[in-house]
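Residue-level structural notes
What follows is each chain in one-letter form.
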Amino acid sequence: MTVPLTIRPIHNEYCEQVIDLILSIQQKEFGLTITIDQQPDLRDIDTNYHAGDGNFWGAFVGEELAGTIALINTGHNAGCIRKMFVKPAYRGREWGMAQKLLDVLLQFCRDNGITDVQLGTVEPLKAAHRFYERNGFERIAKEDLPPYFPLMLTDTMFYQLHLIK
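Residues numbered from 1 in each chain as written. Predicted model: local features only at pLDDT ≥ 70, side-chain atom pairs only at ≥ 80, totals over all residues. Heavy atoms only, no water.

In this structure, Ile81, Met97 and Phe137 are the most contacted members of the largest nonpolar core, which totals 28 residues. Elements supplying a minimum of two residues to this core: β2 (55-61), β3 (64-75), β4 (78-86), α3 (97-111), β5 (116-121), α4 (126-134) and β7 (157-162). Element by element, the count of residues in this core is highest for α3, at seven residues. Every residue in contact with Phe137, bar those within four places of it in the chain, is listed here: Ile81, Leu102, Val117, Leu119, Tyr132, Tyr159, Gln160 and Leu161. Counting 24 residues, the second largest nonpolar core, distinct from the first, contains Ile19, Ile22, Tyr49 and Ile140. (Core = buried A, V, L, I, M, F, W, Y, C linked by side-chain atoms within 4.5 Å. Buried < 20%, exposed > 50% of the residue type's maximum accessible area, 1.4 Å probe, protein only. Helix = DSSP H or I, 4+ residues; strand = E, 2+ residues; numbered from the N terminus. Contact = heavy atoms within 4.5 Å.)

To continue, consider the pattern of salt bridges. In the structure shown here, the tally under the stated rule is five salt bridges. Notably, a salt bridge pairs Glu63 with Arg8, separated by 4.0 Å at the nearest N-O pair. Separated by 55 residues along the polypeptide, Glu63 in the loop between β2 and β3 and Arg8 in strand β1 (residues 5-9) bring together distant segments of the chain. Relative accessible area serves as the criterion here: at 27%, Arg8 is assigned to the partly exposed category. Among the salt bridges present, the one from Glu123 reaches Lys126, with a minimum N-O distance of 2.5 Å. Look at Lys126 and you get partly exposed, because its relative accessible area is 41%. (Salt bridge = Lys/Arg side-chain N within 4 Å of Asp/Glu carboxyl O.)

A sheet is described by the order of its strands in space; here seven strands give the open sequence β1-β2-β3-β4-β5-β7-β6, paired in mixed fashion. This sheet does not close on itself; its edge strands, each paired only once, are β1 and β6 (138-140). For this sheet, the mean angle separating the axes of adjacent strands, direction not counted, is 25°. In the sheet, β4 pairs with β5 via four bridges, with the strands oriented parallel. Note on β5: the bridge partner recorded for Ile81 is Leu119. The sheet contacts of α3 involve β1, β2, β3, β4, β5 and β7, and relative to β3 the element is tilted by about 30°. (Pairing = 2+ DSSP bridges. Axes fitted to C-alpha atoms, helices over the stretch in contact; angles between N-to-C directions.)

In structure tokens, the structure reads:
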């Protein structure tokens, strides 16, 4: 029997699980020197994502948190993707988890009048770059980001997608 994959909004009761999932991927898998202190938004998902007309979703296999994606509503009919991570065991076409997470976020954008979506990432995440490009995101220079884009210290590459209504 296959365990079902569900994607649903998550709140502060999942902060510790989210932190464990994300830090494990950032630090252990990719060797990034980022710490939880550089990502205080993860300690208060409700305030940093839900309170500003954004959202934070978890992908669950049974009751296991296996992936995340978040959206900050930056106003100006724009949003910023944050915290897209999938545990290694659930990557790839078999699960389609990353695609399902992104599809949920983009539908949320369409339903809420968000037409421009940006994100920041880092150089070592090559598979993520290919994933975003396959989904219509175009790489842009940091200078081309809107002034209201919430920059993160670690981001070195940026992408943008314009959604058609």
